[in-house]
Amino acid sequence: MPLRFAKQLISEDRFESAAFCDVDGDGVLDIISGEWWYRGPDFLTSFRIGDIRTEGEYYDDFSTVVLDVNGDGRPDFITGGWWGNTIRWRENPGVSGAPWPEHVIAEVGNVETTRAWDVDGDGELEIVPNTPNGPLRVFKPRRDAAGSFDMFTVFAGKQGHGLGFGDITGNGRGAFVLAGGWLEAPENPLGGGEWTWHPEFQLGSASIPVIVADLTGNGLGDLIVGQSHAYGLAWWEQVVEKGKRRWIPHPIDPFNSQYHDLHWLDIDGDGQPELVTGKRFRAHNGKDPGGGDPIGVYYFKWTGEGFAKQVIDYGEPGQASGAGIFFDLADLDGNGYPDLLAPGKDGLFLFRNLGPTNKPTV
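Quick caveat, the model's predicted, so the values are computed rather than measured.

Basis of the calculations
Residues numbered from 1 in each chain as written. Predicted model: local features only at pLDDT ≥ 70, side-chain atom pairs only at ≥ 80, totals over all residues. Heavy atoms only, no water. Pairing = 2+ DSSP bridges. Helix = DSSP H or I, 4+ residues; strand = E, 2+ residues; numbered from the N terminus. Axes fitted to C-alpha atoms, helices over the stretch in contact; angles between N-to-C directions. Polar contact = N/O pair within 3.5 Å; in protein donor to acceptor, adjacent residues only side chain to side chain. Contact = heavy atoms within 4.5 Å. Salt bridge = Lys/Arg side-chain N within 4 Å of Asp/Glu carboxyl O. Phe/Tyr/Trp six-rings, centres within 6.5 Å; stacked < 30°, edge-to-face > 60°. Lys NZ or Arg CZ within 6 Å of the ring centre and 35° of its normal.

Visitor: What's the story with the sheet that holds strand β27 (residues 307-315) in this structure? I'm lost.
Guide: Where strands meet in a sheet, backbone hydrogen bonds hold them as pairs that are either parallel or antiparallel. Across the sheet, 4 strands lie side by side as β24-β25-β26-β27; this open sheet has antiparallel pairing. At either margin of the open sheet sits one strand with a lone partner, and together these are β24 (259-265) and β27. On average, each strand axis in the sheet is tilted by 20 degrees relative to the strand beside it, whichever way the strands run. Relative to strand β26 (residues 295-302), strand β25 (residues 274-279) runs antiparallel, the two sharing 4 bridges. The residue of β26 that forms the bridge with Thr277 is Tyr298.

Structural data, given as structure tokens:
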């Protein structure tokens, strides 16, 4: 049944990235977004993190990847931006109101956004920036030198806009998905082996991430991809016949634009994942196709044949919210239903997930 949500304005600041984490170690989730963190559970008290470079309507802050980088037991976070040309981490000082020192991990060129995946299967996350004009690099935290990273170049060509990671072939190893194809991992993904390039599709201005999920149950990974700077949200069915692989695109929502960030998780408590996404408001400052259209946040239920759309929020800016470039979900109150944190140039909003409309009352 459709879910109910209670919407809360956290801040009118226009940072486009945000995440939940327990900043102060009190066992309650807080919010990090841009230059501030907000203390849970009510998020009414904010503390400054530090300055972020501005470029016109943008802040040079396109991700909030929560990770204890220096191993001191406190959550830090990793970000990067288009103009700074670096990925960097902000160090949690452990004192509310104290500035968070910034440490550059590497200069990588223009950063669209950054994600974290367990690339080599060792149970620990690696950092992977989407650098459209540069190669695909993986940054692995060093166990012997807290706060440092080893860099691995997986693909020497230009990535293009879009990045995903998941099991494409069913062999248990993760593959990278780029806009123009996918990279098959060697047996030891970060051990010096060659990744095999398969230029089998063109995904356009693909979302970050591109979701890899076996939707059809044939043991092969299908793709879910939004158009970050155009109209469209679709899934690509993987079919292998007589040893030949082909990809069949199916529309999910061709009528809305700027689907930049996607999540694949169980939002309604039925034990099956749903697609959660929304429009990034003014992704290119209104210059994208559909840039002036209403904005919204949605979830889509997989029916076994296609996706059914459910609206969380929809309307004109100032009345409805979009989903930013890096949004987050977490169950704040333990009711079994993940709540949604939606940043963007329209402000920072929290959607508290109240569960199904027909949820029994006691």
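Visitor: Just checking my understanding: could you explain the side chain of Asn256 for this structure?
Guide: Take Asn256: it is sitting in the loop between β23 (244-251) and β24. Among the polar contacts made by the side chain of Asn256, one reaches the side chain of Asp253 at a distance of 2.9 Å. Apart from residues no more than four positions distant in its own chain, Asn256 is found in contact with Ala230, Tyr231, Gly232, Tyr298, Lys309 and Tyr314.

Visitor: How should I be thinking about the pattern of salt bridges in this particular structure?
Guide: Where charged atoms from two side chains of opposite charge come close, those side chains can pair. Inspection of the entire model under this criterion finds 26 salt bridges. Between Glu102 and Arg88 there is a salt bridge, with its nearest N and O atoms 3.3 Å apart. Highlighted residues: Glu102 in strand β11 (residues 102-107) and Arg88 in strand β10 (residues 86-90), separated in sequence by 14 residues. One connected set of salt bridges, linked through shared partners, spans Asp120, Asp122, Glu124, Glu126, Lys140 and Arg143.

Visitor: Would you mind showing me how to read the packing of aromatic side chains here?
Guide: One pair of aromatic rings is described through two measures. These are the centre distance and the angle between the planes. The full count for this structure, using the stated rule, is 18 aromatic pairs. On the numbers, 6.0 Å between centres and 65 degrees between planes, the contact of Phe62 with Trp83 is edge-to-face. Separated by 21 residues along the polypeptide, Phe62 in the loop between β7 (58-59) and β8 (65-67) and Trp83 in the loop between β9 (76-80) and β10 bring together distant segments of the chain. Feature note: the residues Trp117, Phe165, Phe176 and Trp195 constitute an aromatic cluster, connected by ring pairs. Over the face of the ring belonging to Phe62 we find Arg280, whose NZ or CZ atom lies 5.7 Å from the ring centre. Looking at Lys309, its charged tip hangs above the ring of Tyr298, at a distance of 4.0 Å from the centre.

Visitor: What is the right way to read the pairing of strand β4 (residues 36-39) from this model?
Guide: The two faces of the sheet receive side chains in turn, since in a regular strand these alternate between them. Two strands pair when backbone bridges link them, and strand β3 (residues 30-33) and β4 are joined in this way by 3 bridges, in the antiparallel orientation. What sits directly across from Ile32, in β4, is Trp37. Between the antiparallel neighbours β3 and β4 lie 2 residues, among them Gly34 with a positive phi of about 60 degrees. Bridge count for β4 against strand β5 (residues 45-48) is 4 bridges, and the pairing is antiparallel. Residue pairing in the sheet places Arg39 in a bridge with Thr45 of β5. Hairpin connection, β4 to β5: the antiparallel pair is bridged by 5 residues, and Phe43 has positive phi, about 60 degrees.

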